[in-house]
Amino acid sequence: MRVDEADSTQEIELFRDFSAWRMAGHGSFAAVADGIIESVGGPGLYWFTGTTFGDFVLDIDWRIRDRHDNSGVFIRFPALGAADPDSDWRLAVTQGYEIQTDDRGLDPAPNATGSMLHISGAIYRIAPASRLASRPVGAWNHFRVTAHGIDIGVSLNGVEVARSGEDVGRPRRGHIGLQNHHDGSRVQFRNLRIRSVV
């Protein structure tokens, strides 16, 4: 599916057709039911190549199957390669923004849990979540991500949990993608919809 440069206010459902999705890095995503995909292995990023997005509202449902599951929704990153699985996905981490999905809030540096910069709903390492608003393991959760200029806001299950209005020197337009974080982590996603705001 080719989507032309997304500058209209039309909402696009991105899980109807996976032909424009590509894998960067290790692992994969598997279809587990109609319209539901699940992360497998990693680290890597499943990204939408059909177009880039600037200012938008993004909605997506997600759920974890175990408290140790970890993933993220990435936005506004440059196109990724496919030749070097050990590093192809890293450009999304250094140039994009990650909306974190990790109910433990694991900070990998000290290997400690409870970090609000790393917990579900945080804009990873940029804006902490104000609280953990996710539902119990196995239940579906809903992110709404709004991006307008340098302002990025995250609502989790209807609660605004993170906001960044600081210019951190990253692109204001780019691709979107879903992270598969590590072996054994299985995070499911459904109902990915995005609407550009002009």
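Not measured: the values here are computed from a predicted model. (Residues numbered from 1 in each chain as written. Predicted model: local features only at pLDDT ≥ 70, side-chain atom pairs only at ≥ 80, totals over all residues. Heavy atoms only, no water.)

Chemist: Could you give an account of the overall build of the chain, naming the residues involved and the relevant values?
Modeler: Per the secondary structure count, the chain includes one helix and 13 strands. Of the regular secondary structure in the chain, the N- to C-terminal order runs β-β-β-β-β-β-β-α-β-β-β-β-β-β. Taken over C-alpha atoms, the radius of gyration comes to 15 Å for the chain, in line with the 16 Å a tight globule of 198 residues would show. In terms of principal-axis extent, the alpha carbons of the chain reach across some 40 × 35 × 30 Å. Looking at the chain alone, contacts between residues at least 24 apart form 68% of all its contacts between residues at least 6 apart. (Helix = DSSP H or I, 4+ residues; strand = E, 2+ residues; numbered from the N terminus. Rg over C-alpha atoms; globule rule 2.2 N^0.38 Å. Contact = heavy atoms within 4.5 Å.)

Chemist: Describe in detail the pattern of salt bridges, supporting the description with residues and values.
Modeler: Side-chain pairing between opposite charges can occur once the charged atoms of the two side chains come close. One pass over the structure, following the stated rule, counts nine salt bridges. One salt bridge in this structure joins E11 and R193, with 3.9 Å as the shortest N-O distance. Note that E11 is positioned in strand β1 (residues 11–13) and R193 in strand β13 (residues 187–196), a separation of 182 residues in sequence. Here E11 falls in the partly exposed class, since its relative accessible area comes to 45%. According to the relative accessible area criterion, R193 is partly exposed, its value standing at 23%. Put simply, R172 and D167 hold a salt bridge, and the shortest N to O gap is 3.5 Å. (Salt bridge = Lys/Arg side-chain N within 4 Å of Asp/Glu carboxyl O. Buried < 20%, exposed > 50% of the residue type's maximum accessible area, 1.4 Å probe, protein only.)

Chemist: So what's going on with the layout of surface pockets? Residues and values would help.
Modeler: Put simply, the largest pocket is a space of about 270 Å³. Forming the boundary of the largest pocket are 14 residues, of which E98, P108, Y124, Q179 and H181 lie nearest the centre. The class makeup of the residues in the lining of the largest pocket is six nonpolar, four polar and four charged. (1 Å grid on protein atoms, 1.4 Å probe; cavity = no way out; pocket = protein on both sides within 12 Å on 5 of 7 lines; lining within 4 Å. Points joined across faces, edges and corners; volume = space filled by probe spheres on them. Nonpolar A, V, L, I, M, F, W, Y, C, P; charged D, E, K, R; others polar.)

Chemist: Residue-level account of unusual backbone geometry, with values.
Modeler: A cis geometry characterises the amide bond from G42 onward to P43, with omega recorded as 5 degrees. Tracing the chain through its elements places P43 in the loop between β4 (36–40) and β5 (44–48). One non-glycine residue, N111, adopts positive backbone phi at about 55 degrees. Counting through the fold element by element, N111 comes out in the loop between β8 (97–101) and β9 (141–148). Given the relative accessible area of 61%, N111 is considered exposed. You will see that N191, though not glycine, has its phi angle at about 55 degrees, which is positive.

Chemist: Which residues make up the side chain of S164, and what values do they have?
Modeler: Of note, S164 is situated in strand β11 (residues 159–164). Not counting chain neighbours up to four residues away, the residues in contact with S164 comprise I123, I126, A127, I150, D151 and I152.

Chemist: Lay out the sheet that holds strand β7 (residues 71–77) in plain terms, naming residues and giving numbers.
Modeler: Spatially, the five strands line up as an open sheet ordered β2-β5-β12-β7-β8, and their pairing is antiparallel. Across the chains shown, the open sheet's two edge strands, defined by having one partner strand only, are β2 (21–25) and β8. Across the sheet, the mean angle separating the axes of adjacent strands is 25 degrees when strand polarity is ignored. Alignment of β5 against strand β12 (residues 175–180), held across four bridges, turns out to be antiparallel. If you follow Y46 over to β12, its bridge partner there is L178. (Pairing = 2+ DSSP bridges. Axes fitted to C-alpha atoms, helices over the stretch in contact; angles between N-to-C directions.)

In short, the description is geometric, and any link to function would need to be established separately.
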